[in-house]
Amino acid sequence: MHIESPPVSFEPRLEPPEDFSTLEEQLWPGGTRRDSRGELTLAGHQVSDLVAQYGTPLYVIDEADFRRRARSFTEHFPGWSIHYAGKSFLCRTVARWINEEGLCLDVCSGNELAVALSVGFPPERISLHGNNKTSEELRYGVKAGVGCIVVDSFDEIDRLRVISDDLGRPVPVMVRVTTGIHAETHQYVATSHEDQKFGLSIQSGQALKALLICHDQPQFDLLGIHSHIGSQILEVEGFARAAQITLSLVSQFQDATNDSIQEVNLGGGFGIAYVGSDEPWEMERLSDVLIRDVEKGCHYYDIPETKFAIEPGRAISGPPGVALYTVGTIKDVDIGEGFSRRYVSVDGGMSDNIRTALYDADYTATLANRTSVATPTLSRVVGIHCETGDVLVKDVYLPDDLALGDILAIPASGAYSRAMASNYNYALKPAVVGVVEGDTQVMLRRETLDDLLRLDQGEIGVGFEVEREV
Ligand code: LLP
């Protein structure tokens, strides 16, 4: 066997922090502090108390920060509808917050819709998405009285026509379109170029064709056009260009029908900061640019009556979330050419946050139960799973005296982490706890092994009964 050292890929782009107790403000929920002993507190709760009560891995959501971000969209986009994208993170408590803050809700499955309806979320403020909704989901949405079904294909239009006839009522619809622009983001979350599964293309003429079908046929109440260009986009120009192309479609529709489009939904995708070097747009600037560009476009294309909507998910649910893990193993690995890399294994991993493994996402972490003045050591935070790619944080400086049992906190963890969790290696999905000053609430409880074993229909054999200390 030939043993050869792999080339050393060791390019620390990071600067070691000057001080482990400093928090980069843009990364943490508004209620995050270090107390006088250097421990991280979330809305006044010491992380060690949260961990003692709820265990790790643990997802903590700062409720005030979540609500503030939701409100910030409604305040900065006056007259626009703001739809929270539930796929980023949804549970009953979140649906309640979104309802109380007066936002609309975007759901992308019948089951997300069921969660929203279970707290009495007004169905007329819900839109139902999906590129392959089943007839059952469509019927459920129509019967529930959702405000809008965002149709994504001609097959779906056919299915809805049958459902409308069957239920004897017209279905409110928007047509999901693709503008053909290339969004500056990871290829897995770009959704507006031609070669992918979502929407109907404006360039090919399919989008206009679908609009005309929904306009002309009595089974449909055509509300408008929906365009979502992708996710975690930090360049606002993409949104502006997509808006212009979508408005050109509105104009074509007006010319073809002499009717107007009631609403254009420009989708979500507003990027957030995961690491200190990320620079998302300030809300003021984002809304100024988008509103101005849309107004210019409406003027240019002579579109007087159309209303606008956006659909942020991550920008509302991401920053208020912090993931807490316990350090279980620390290993210094010689990676050649005089370098070593410190692998810090924590008690979660790709089963509760697959984003690093899937999108090569950047995250950072901080020592949370205490602070330290020890030497910064370039570290990689990894999980418990049987995969080399089971990485949570690729590169982060942690103090050299990091010890087993220490708690690490990863900011910007509220969106698309617990929401995309799996049971790989029979990992139990972590609890999600909401915090406000003076109170905590379990939003989702931690899974138990019994939860998983209930799914297993195999016969239980005769085995050793070994008591586990949980
Ligand atoms: N509207 C539609 C139609 C969408 O498909 C999405 C996200 C959103 C709105 C909300 O996008 P946001 O504002 O959250 O970026 N799992 C990936 C992101 C997938 C996004 C899917 N669609 C990630 O972890 O980065």
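What you see is a predicted model; the values in this text were computed from it and never measured. (Residues numbered from 1 in each chain as written. Predicted model: local features only at pLDDT ≥ 70, side-chain atom pairs only at ≥ 80, totals over all residues. Heavy atoms only, no water.)

**Quick look at the pattern of salt bridges**
- One pass over the structure, following the stated rule, counts 21 salt bridges.
- Of the charged contacts in the structure, one is a salt bridge between Arg69 and Asp65, with a shortest N-O distance of 2.7 Å. With Arg69 and Asp65 both in helix H2 (residues 63-76) and four residues apart, the pair spans about one turn of that helix. Like Arg69, the residue Asp65 is buried in the burial classification.
- Across the pair Asp293 and Arg292 runs a salt bridge, and its minimum N-O distance is 3.5 Å.
- Look at Arg292 and you get partly exposed, because its relative accessible area is 45%. (Salt bridge = Lys/Arg side-chain N within 4 Å of Asp/Glu carboxyl O. Helix = DSSP H or I, 4+ residues; strand = E, 2+ residues; numbered from the N terminus. Buried < 20%, exposed > 50% of the residue type's maximum accessible area, 1.4 Å probe, protein only.)

**What to know about the site of the ligand**
- Inspection of the region around the ligand gives 21 residues, with Ser231, Glu311, Arg355, Tyr359 and Tyr416 positioned closest.
- One nitrogen or oxygen atom from the main chain of Gly313 is found 2.9 Å from an oxygen atom belonging to the ligand.
- At 2.5 Å, a side-chain N or O of Arg355 approaches an oxygen atom of the ligand.
- Considered on its own, the ligand offers 590 Å² of accessible surface; in the complex 91% of this is hidden by protein.
- Split into classes, the residues belonging to the shell around the ligand amount to seven nonpolar, eight polar and six charged. (Near = heavy atom within 4 Å. Polar contact = N/O pair within 3.5 Å; in protein donor to acceptor, adjacent residues only side chain to side chain. Areas by Shrake-Rupley, 256 points an atom, 1.4 Å probe, with all protein chains shown as cover. Nonpolar A, V, L, I, M, F, W, Y, C, P; charged D, E, K, R; others polar.)

**A few points about the pairing of strand E8 (residues 148-151)**
- On E8, burial covers both faces: Cys148 and Val150 on one face and Ile149 and Val151 on the other are all buried.
- Bridge count between strand E7 (residues 126-128) and E8: two bridges; the pairing is parallel. Bridge assignment links Leu128 to a residue of E8, and that residue is Ile149.
- With helix H5 (residues 135-144) bridging E7 and the parallel E8, this β-α-β connection has right-handed handedness. (Pairing = 2+ DSSP bridges. Right-handed = clockwise from strand over helix to strand, strands pointing away.)

**Observations concerning helix H9 (residues 283-301)**
- Along its 19 residues, H9 runs 27 Å from first to last C-alpha, staying within 8% of the 27 Å computed at 1.5 Å per residue.
- All of the buried residues in H9 are Met283, Leu286, Ser287, Val289, Leu290, Ile291, Asp293, Val294, Gly297 and Cys298.
- Here the buried face of H9 lies against H2, helix H8 (237-257) and strand E13 (307-310).
- Where H9 terminates, the next one or two residues include Asp302, which has phi positive at roughly 60°. (Expected span 1.5 Å × (residues − 1). Contact = heavy atoms within 4.5 Å.)

**As for the packing of aromatic side chains**
- Using the criterion set out here, one finds nine aromatic pairs in the structure.
- Their ring planes at 50° and their centres at 5.1 Å tell us that Phe77 and Trp80 sit as a pair that is tilted.
- The class of Trp80 is buried, set by a relative accessible area of 13%.
- Above the plane of the ring of Phe154 lies Lys209, whose end atom (NZ or CZ) is 4.8 Å from the centre. (Phe/Tyr/Trp six-rings, centres within 6.5 Å; stacked < 30°, edge-to-face > 60°. Lys NZ or Arg CZ within 6 Å of the ring centre and 35° of its normal.)

**Focus: the nonpolar core**
- Counting residues in hydrophobic clusters, the biggest one holds 98 residues, and the most contacted among them are Phe77 and Val94.
- Counting residues in each nonpolar core, the second largest holds 20 residues, with Leu27, Ile407, Ala409 and Val435 among its members. (Core = buried A, V, L, I, M, F, W, Y, C linked by side-chain atoms within 4.5 Å.)

**Regarding the pairing of strand E21 (residues 439-444)**
- Here five bridges tie strand E20 (residues 431-436) to E21, and the two strands are oriented antiparallel to one another. Paired with Val435 across the strands is Thr440, a residue of E21.
- Here E20 hands over to E21 after two residues, with Gly438 in that stretch at a positive phi of 85°.

**As for empty space enclosed by the protein**
- In total, this model carries one cavity of 30 Å³ or more according to the counting rule given.
- If you add up the space inside the largest cavity, you get close to 50 Å³.
- Lining the largest cavity we find Ser227, Ile229, Phe239, Ala242, Ala243, Leu266 and Leu290.
- With three residues, H8 is the single largest residue contributor to the lining of the largest cavity.
- Of the residues contributing to the lining of the largest cavity, the split by class is six nonpolar, one polar and no charged. (1 Å grid on protein atoms, 1.4 Å probe; cavity = no way out; pocket = protein on both sides within 12 Å on 5 of 7 lines; lining within 4 Å. Points joined across faces, edges and corners; volume = space filled by probe spheres on them.)

**Describing the sheet that holds strand E1 (residues 32-34)**
- Spatially, E1-E2-E3 is the arrangement adopted by the three strands of the open sheet, whose pairing is antiparallel. The open sheet has two edge strands with one neighbour each: E1 and strand E3 (45-46).
- Sheet topology places strand E2 (residues 40-42) next to E3; two bridges connect them, and they run antiparallel. The residue bridging Thr41 from the neighbouring strand is Gln46, located in E3.

**Here's the deal with unusual backbone geometry**
- Backbone torsion omega between Thr56 and Pro57 reads -5°, so that peptide bond is classified as cis.
- Topologically, Pro57 is positioned in the loop between helix H1 (47-54) and strand E4 (58-62).
- Despite not being glycine, Asn258 shows a phi value in the positive range, around 65°.
- Residue placement: Asn258 occurs in the loop between H8 and strand E12 (263-265).

**Re the confidence of the model for the chain**
- In the predicted model, the chain carries a mean pLDDT of 94, and 96% of its residues have values of at least 70.
- The secondary-structure element of the chain with the lowest mean pLDDT is H8, recorded at 94, while E4 shows the highest, at 99. (pLDDT = per-residue confidence, 0-100.)

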